[in-house]
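Chain residues, written in single-letter form:
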Amino acid sequence: HEYTSFFWKDMVAGATAGGFGSLMTNGLDVIKTRLQTHPELYGNGSIVICAKILYQQGGWQIFLRGSTSRLLYKIPTNGVFFVFYEFFRRALHCRTQ
């Protein structure tokens, strides 16, 4: 019963952290992708110019493009990763500093 409690807490913590982190950095990922695929259209490497052009093209919503598929991937992945990480940390008796 004790491990089951840890299991769910670890999964929820990992999934929440992964989802939140991915959502908060999605805008930067959109900028990075645009600069990698079409640098000549988005400021030739300037993050600020690229962000301004993107905002003019689609408002703040453009920075959320692709977030649904990213979250569908990251939330379960981080949840499972965190469960295994914590399991092995406990099994190997690793101590946090």
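Above this text is the structure in question.
Summarised in this report is the structure supplied together with it. These numbers come from a predicted model, not from an experiment.

Before going further, it helps to spend a moment on the pattern of salt bridges. Overall, the coordinates contain four salt bridges when judged by the stated rule. Close ionic contact of R90 with D10 constitutes a salt bridge, the shortest N to O distance being 2.9 Å. Highlighted residues: R90 in helix α3 (residues 67-91) and D10 in helix α1 (residues 2-37), separated in sequence by 80 residues. For E86, the salt bridge identified is with R89, shortest N-O distance 2.7 Å. On the criterion of helical spacing, the pair formed by E86 and R89 is a turn pair, its members being three residues apart in helix α3.

Moving on to the packing of aromatic side chains. In the structure shown here, the tally under the stated rule is four aromatic pairs. With centroids separated by 6.2 Å and ring planes inclined at 20°, the aromatic side chains of F81 and Y85 adopt a geometry described as stacked. With F81 and Y85 both in helix α3 and four residues apart, the pair spans about one turn of that helix. Look at F81 and you get exposed, because its relative accessible area is 54%. Taken together, the aromatic side chains of F81, F82 and Y85 make up a single cluster linked through ring pairs.

The rules behind each value
- Residues numbered from 1 in each chain as written.
- Predicted model: local features only at pLDDT ≥ 70, side-chain atom pairs only at ≥ 80, totals over all residues.
- Heavy atoms only, no water.
- Salt bridge = Lys/Arg side-chain N within 4 Å of Asp/Glu carboxyl O.
- Helix = DSSP H or I, 4+ residues; strand = E, 2+ residues; numbered from the N terminus.
- Phe/Tyr/Trp six-rings, centres within 6.5 Å; stacked < 30°, edge-to-face > 60°.
- Buried < 20%, exposed > 50% of the residue type's maximum accessible area, 1.4 Å probe, protein only.

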